[in-house]
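Working through the structure, step by step
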Amino acid sequence: MLARGFADPVHDAQGVFRAVMEALARPGTVQPLAPRLEPPAPLTPELAAIALALADADAPLWLDAGLARSPAVAGFLRFHTGARITDNPDEAAFALVSEAAACPDFATFAQGTPAYPDRSATLVLAVSTLSDRDGWHLDGPGIRGSARLAASPLPADSLDRLGRNHAGFPQGVDLILAAPGRLAALPRSTRVTT
Amino acid sequence: MSAATPETGYNFAYLDEGTKRMIRRAILKAIAIPGYQVPFASREMPMPYGWGTGGVQVTAAILGKRDVLKVIDQGSDDTTNAVSIRAFFARTADVAVTTRTRDATVIQTRHRIPEAPLHEGQVLVYQVPIPEPLRFLEPRETETRQLHALAEYGLMHVKLYEDIARHGHIATTYAYPVEVAGRYVMDPSPTPKFDNPKMDDCPALQLFGAGREKRIYAVPPHTRVRSLDFEDHPFRVQSFDTPCALCGAEGVYLDEVLLDDAGKRMFVCSDTDHCEERRADGHVGTGGMETAHV
């Protein structure tokens with residue numbers, strides 16, 4: 001049977017959006033997110049909540065290999081969001097990545113254009129740990145002085161990727177890192193160093 | 001404070017969920033690209049363009065049940081635009097409303113930034129008539145978009161220079177252009193330039209909605225917002241010769257109020273909440289209007 005969506009679609013979606021908005025507006029802060037969802041594995045409740053809150057017929061989804069293998073995941077997302085699921089990462093508004101360490105190069109996703117940098121993808125990565133006490137140093141808009149962020153698992157060359165992504169500003173992708181019960185974000189405007 | 005009875009038959013905060021998602025996606029992009037104007041599919045609202053349809057749509061998209069909303073128009077909580085928008089959300093979203101700056105989680109504003117410092121966790125939503133700072137210099141959207149893409153802002157500096165050539169100083173007093181995070185030049189909406197310094201390193205998130213022009217843009221918290229100027233003509237804000245006639249406040253933005261046909265006038269705080277709080281704390285101005293406060 002199809003897993004249920006938001007119990008309270010209006011206010012649950014608003015709560016998820018505000019958590020994502022706060023995370024993007026204040027990179028390096030970890031925002032609580034406790035979705036009451038039980039989506040089919042390997043889709044995590046946090047990834048499902050972000051997709052249900054933000055994706056629809058105007059915002060196609062791309063699924064990583066782990067998620068694309070499960071017909072139940074695609075069925076769940078199609079039913080609850082109405083979003084088209086695309087195989088082409090360049091077409092996706094949101095990319096859902098369940099195996100973050102194996103995430104394809106960020107440059108394979110839509111980067112926007114110099115005139116329309118907003119026509120770019122948001123990558124939503126499922127991670128198992130997330131902390132704002134140690135790890136990378138962040139600075140840029142939304143950050144008072146500097147901030148820290150540690151997340152795992154992530155690709156081994158994440159720092160290089162994030163550096164290239166930031167160097168392309170205003171083009172580039174934005175990252176949402178979703179761990180069980182919480183999330184953080186790394187917009188393209190954030191400079192990430194060791 | 002309750003302004004109106006909740007309305008039934010509308011979705012929470014009036015807009016349908018599909019519209020909210022579209023606006024929310026635009027807001028997220030705007031935050032990730034500070035100062036860049038994100039196009040969005042602005043809706044018809046039950047108020048005319050020019051009355052804050054952009055700000056209202058942004059507010060409707062972010063508002064939740066637990067938010068406390070404040071709405072100001074030129075600093076005032078009790079002018080028509082502020083009262084009607086506050087009542088609109090009290091009726092369609094049944095949210096708590098307030099006039100106190102520090103109690104609000106979402107503040108929708110037309111043309112002022114409150115005098116009281118904003119804090120972390122607050123969102124300031126601006127109503128914007130013309131979002132494009134270069135529009136009166138270059139009418140073609142295709143061209144201004146290229147200028148932003150190339151970060152080519154020479155036109156704006158020429159405009160400010162021409163001010164100096166004609167008037168001896170930069171004569172732009174409102175909608176004074178700013179550079180956000182070292183990249184995009186942005187119109188801060190028609191706030192007096194007095195408020196520009198408050199945008200810099202502001203702890204609150206600032207969102208801008210232009211309904212007729214269909215643009216949303218943002219300044220994240222703690223972001224560098226620099227008013228454009230020249231080394232030999234540095235940016236300066238307005239100053240006032242007299243303190244507020246009602247509360248005696250100095251270093252605040254004042255409105256001129258005409259008192260009679262003979263040209264008698266007084267200058268009072270434009271931020272009514274700030275003025276009322278000061279008077280409640282016992283501050284009295286020299287305007288002989290002590291009885292105005294009960």
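Predicted model only: the values in this text are computed from it and were never measured. (Residues numbered from 1 in each chain as written. Chains lettered and ligands numbered in written order. Predicted model: local features only at pLDDT ≥ 70, side-chain atom pairs only at ≥ 80, totals over all residues. Heavy atoms only, no water.)

Remarks on the overall build of chain A
Broken down by element type, chain A carries 5 helices and 10 strands. Over its C-alpha trace chain A gives a radius of gyration of 16 Å, about what one expects of a compact globule, namely 16 Å for 194 residues. The burial tally for chain A puts 58% of its 194 residues in the buried class. Of the roughly 7,700 Å² that chain A leaves accessible, carbon and sulfur atoms contribute 53%. Taking the average location of the 16 positive side-chain charges in chain A and that of its 20 negative ones, the two points are 5 Å from each other. (Helix = DSSP H or I, 4+ residues; strand = E, 2+ residues; numbered from the N terminus. Rg over C-alpha atoms; globule rule 2.2 N^0.38 Å. Buried < 20%, exposed > 50% of the residue type's maximum accessible area, 1.4 Å probe, protein only. Areas by Shrake-Rupley, 256 points an atom, 1.4 Å probe, with all protein chains shown as cover. Lys, Arg positive; Asp, Glu negative; His and termini not counted. Charge placed at Lys NZ, Arg CZ, Asp CG, Glu CD.)

Quick notes on the state of the cysteines
Defined simply, a disulfide is a covalent bond joining two cysteines at their sulfur atoms. Residue and element names in this part refer to chain B. In total, this model carries 0 disulfides over all chains according to the counting rule given. Counting only cysteine sulfurs, Cys269 is the nearest neighbor of Cys202, a cysteine outside any disulfide, at a range of 19 Å. Looking at Cys244, it has no disulfide partner, and the nearest cysteine sulfur is the one in Cys269, 3.7 Å off. (Disulfide = S-S within 2.5 Å.)

Brief notes about the packing of helix H2 (residues 53-62) of chain B against helix H3 (residues 80-92) of chain B
Residue and element names in this part refer to chain B. At their nearest, the axes of H2 and H3 sit 12 Å apart, and the two run at 30° to each other. One finds that H2 runs roughly parallel with respect to H3. Here H2 and H3 pass one another in a crossing that is right-handed. Between H2, through Val56, Thr59 and Ala60, and H3, the contact on the second element is made entirely by Ile85, Phe88 and Phe89. Its residues assigned to classes, the contact of H2 with H3 comprises 5 nonpolar, 1 polar and no charged. (Axes fitted to C-alpha atoms, helices over the stretch in contact; angles between N-to-C directions. Parallel < 35°, antiparallel > 145°, perpendicular 65-115°, else oblique. Left-handed = near helix turned anticlockwise from the far one by under 90°. Contact = heavy atoms within 4.5 Å. Nonpolar A, V, L, I, M, F, W, Y, C, P; charged D, E, K, R; others polar.)

Describing the sheet that holds strand S10 (residues 225-227) of chain B
Residue and element names in this part refer to chain B. Taking strand neighbours across the sheet as the criterion, the 3 strands line up as S7-S6-S10 in an open arrangement whose pairing is antiparallel. Edge strands, defined here as strands with exactly one partner in the open sheet, are strand S7 (184-186) and S10. Sheet twist, expressed as the average angle between the axes of neighbouring strands with direction ignored, equals 35°. (Pairing = 2+ DSSP bridges.)

Overview of empty space enclosed by the protein
Residue and element names in this part refer to chain B. Per the counting criterion, the structure on display carries 3 cavities of 30 Å³ or more. Its volume calculated, the largest cavity comes out at about 100 Å³. Around the largest cavity, the lining comprises 13 residues; the ones closest to its centre are Tyr36, Gln37, Glu132, Arg145 and His148. Looking at the lining of the largest cavity residue by residue, the classes come out as 6 nonpolar, 4 polar and 3 charged. Of the pockets and cavities examined, the second largest cavity occupies roughly 40 Å³. (1 Å grid on protein atoms, 1.4 Å probe; cavity = no way out; pocket = protein on both sides within 12 Å on 5 of 7 lines; lining within 4 Å. Points joined across faces, edges and corners; volume = space filled by probe spheres on them.)

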